[in-house]
Amino acid sequence: MGSAISGQNAKIAVLDGNIKELNYANCIGSLGHRRGEVFARDKGFVRWGLEHRPPVTHPIRREMKLKQLESLLGTLQQFSHPKVELEQYPTGPHIASRLLYTAENTFGDINGKVVADFGCGCGTLGLASALLGAEQVIGIDIDPQSLEIASINAADMELDIDFIWCDINKLRWRDDVVDTVVMNPPFGTRKKGSDMEFLAKALKVASQAVYSLHKTTTRDYIKRTAIRDCNARSADILCELRFDVPQIYKFHKKKEVNIVVDLWRFVPYPTEGSADS
Amino acid sequence: MRLLTHNMLSCNIKGVANGFPLRLEAEKWVEKEVELNADFLRHIFPKIEWKALAGAARAVGYCELPEEADAAMLDSEDFLRRFHHALLEIHVEEGALFCPETGRRFSITKGIPNMLLREDEV
């Protein structure tokens, strides 16, 4: 039971082995990265109290290569005792790096923005956002053990991100302060509808965009519900990915299960009286 | 928890009418310098509830923010610097968020506010 997991064995392979442009009418381009650019991790000191560290500057974070982002995320600690009722599956570095890389390089939704990571777990998506230059990142999770691991991961990477211990469903925020929500929500297989609860809340809170992963089998339902019930102005699939869920729970019969998931980008309708575009 | 996060959070107990702002009761906080990004400050300014920010800043002993602010002040470098410091450089580590409406106190431990509700509050 409880076989140990790490970021590595939770790898997500893309269909056909490579990220490629799909032929959907609403597919948004490829995920190629720019070559020849160097990323240097900042050397800020994490010291507390009266001493302070030099200002953290990230002049070339935006230019980070996809592979560099992926390998940095591969060093993160993952769930030590995943909780099945919360559908805690680690967001692997492969899928996380692609989600954030596209959000930043294709849409400019991360750098200099306020980003919230809903159901942050061990913080992979939030930390990736911080690495790509988000001005403020807030990770929210209901599970204190996850938040503890996420805090350690943030400290290890010398990134400052905020955490809130809260049930996404019960979260009450002033709308539109957050620009972008990134999330790998529960797929709703254990608790029906939990994926849509996350999505509805994310679209309420975000002013710019919501990035999320949902099972491909629910594609039509997601699109319809997002637009009809969840305040989405648009709902586009950016690519289809294979989420290799390792055998981490007792009830898993097979050694590894592949779930095909869609990477979505939702754009919310602006709320009335919102001050910013 | 930075004061920017405080500026978003509302009391989430069922039936609460307003729930914002939560009064910050800070016991321990740290300051960490971050590079000032004027574009970001201009972007976020219209979304900030100024009185709540100024109040939270006072709770951590920072009294350099004016009582009221308007967008014209964003031209002042001095104002930007203070706004930046209050919003992004102060991290509350220990303390609580108090809702005057319900009397509920949400604790902040190791920088993380606990907004989980009890069964009778949902």
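The structure displayed is predicted, hence computed values, not measured ones. (Residues numbered from 1 in each chain as written. Chains lettered and ligands numbered in written order. Predicted model: local features only at pLDDT ≥ 70, side-chain atom pairs only at ≥ 80, totals over all residues. Heavy atoms only, no water.)

## Section: the overall build of chain B
- A count of helices and strands for chain B gives four helices and four strands.
- When the helices and strands of chain B are read in sequence order from the N terminus, they spell out α-β-α-α-α-β-β-β.
- The C-alpha atoms of chain B give 15 Å as radius of gyration, which agrees with the globular expectation for 122 residues (14 Å, within 12%).
- Considering only C-alpha atoms, chain B reaches an extent of 50 × 30 × 20 Å along its principal axes.
- Here chain B holds 122 residues, and 53% of them are scored as buried.
- Within chain B, counting contacts between residues at least 6 apart in sequence, those at least 24 apart form 67% of the total.
- Total accessible area computed for chain B in this model is approximately 5,500 Å², and 47% of it derives from carbon and sulfur atoms.
- Averaged over its 15 positive side-chain charges, chain B has a centre that lies 5 Å from the centre of its 21 negative ones. (Helix = DSSP H or I, 4+ residues; strand = E, 2+ residues; numbered from the N terminus. Rg over C-alpha atoms; globule rule 2.2 N^0.38 Å. Buried < 20%, exposed > 50% of the residue type's maximum accessible area, 1.4 Å probe, protein only. Contact = heavy atoms within 4.5 Å. Areas by Shrake-Rupley, 256 points an atom, 1.4 Å probe, with all protein chains shown as cover. Lys, Arg positive; Asp, Glu negative; His and termini not counted. Charge placed at Lys NZ, Arg CZ, Asp CG, Glu CD.)

## Here we look at the environment of Leu24 of chain B
Residue and element names in this part refer to chain B.
- As for its placement among the helices and strands, Leu24 is situated in strand S1 (residues 23-31).
- With relative accessibility at 8%, the residue Leu24 sits in the buried group.
- If we ignore the near neighbours within four places in the chain, the residues touching Leu24 are Met1, Leu3, His6, Ala56, Ala59, Val60, Val92, Ala96, Leu97 and Ile108.

## Things to note about the pattern of salt bridges
- Taken as a whole, this structure holds 19 salt bridges over all chains when the rule is applied.
- For Lys32 of chain B, the salt bridge is made with Asp160 of chain A, and the minimal N-O distance between the two is 2.9 Å. Here the residue Lys32 of chain B occupies a position in the loop between S1 and helix H2 (38-44), and Asp160 of chain A occupies one in the loop between helix H4 (144-156) and strand S3 (162-165), the pair thus bridging two chains.
- With its nearest N and O atoms 3.6 Å apart, the salt bridge here joins Arg42 of chain B to Asp39 of chain B. Here Asp39 of chain B and Arg42 of chain B lie together in helix H2, a separation of three residues that amounts to about one turn.
- Take Asp39 of chain B: its relative accessible area is 59%, and that puts it in the exposed class.
- Each of Arg104, Arg118, Asp120 and Glu121 of chain B takes part in a single network of salt bridges with overlapping partners. (Salt bridge = Lys/Arg side-chain N within 4 Å of Asp/Glu carboxyl O.)

## A closer look at the nonpolar core
- The biggest cluster of nonpolar side chains holds 69 residues, and the ones touching the most others in it are Phe118, Ile140 and Trp173 of chain A together with Leu24, Phe83 and Leu87 of chain B.
- Among the nonpolar cores identified, the runner-up in size contains 42 residues, and Ala96, Val115, Leu127 and Leu131 of chain A belong to it. (Core = buried A, V, L, I, M, F, W, Y, C linked by side-chain atoms within 4.5 Å.)

## Concerning the side chain of Asn184 of chain A
- Considering the arrangement of structural elements, one finds Asn184 of chain A in the loop between strand S4 (178-183) and helix H5 (194-205).
- With residues up to four places along the chain from it excluded, the contact list for Asn184 of chain A reads Tyr89, Thr91, Phe118, Leu125, Leu213 and Phe243 of chain A.

## Topic: the confidence of the model for chain A
Residues and elements named next belong to chain A.
- Looking at chain A, the pLDDT average stands at 76 and 66% of residues meet or exceed 70.
- Note on residues 1-60: pLDDT is under 50 here. Beyond four places in sequence and across chains, it has 115 contacts.
- Across residues 273-277, confidence stays below pLDDT 50; counting only partners more than four residues off in sequence or on other chains, it has five contacts. (pLDDT = per-residue confidence, 0-100.)

## What to know about the interface of chain A and chain B
- In this assembly, 35 residues from chain A lie in contact with 38 residues from chain B.
- Taken together, the connections running from chain A to chain B amount to three salt bridges.
- At the junction of chain A with chain B, the criterion picks out 20 residue pairs in polar contact (both at pLDDT 80 or more).
- Listed by contribution, the elements that provide at least two residues to the side of chain A that touches chain B are strand S2 (136-141), H4, S3 and S4 of chain A. (Polar contact = N/O pair within 3.5 Å; in protein donor to acceptor, adjacent residues only side chain to side chain.)

## Describing the sheet that holds S1 of chain B
All names here are of chain B.
- Across the sheet, four strands lie side by side as S1-S2-S3-S4; this open sheet has antiparallel pairing. Each edge of the open sheet carries a strand with a single partner, namely S1 and strand S4 (112-113).
- Relative to S4, strand S3 (residues 105-109) is paired through two bridges, and the arrangement is antiparallel. Paired with Ile108 across the two strands is Pro113, which belongs to S4. (Pairing = 2+ DSSP bridges.)

## Quick look at the side chain of Arg174 of chain A
- Mapped onto the elements of the fold, Arg174 of chain A is located in the loop between S3 and S4.
- One polar contact links Arg174 of chain A to Asn7 of chain B, side chain to side chain, over a distance of 2.7 Å.
- Setting aside anything within four residues of it in sequence, one finds Arg174 of chain A in contact with Asn7, Met8, Ser10, Phe20, Lys47, Ile48 and Glu49 of chain B.

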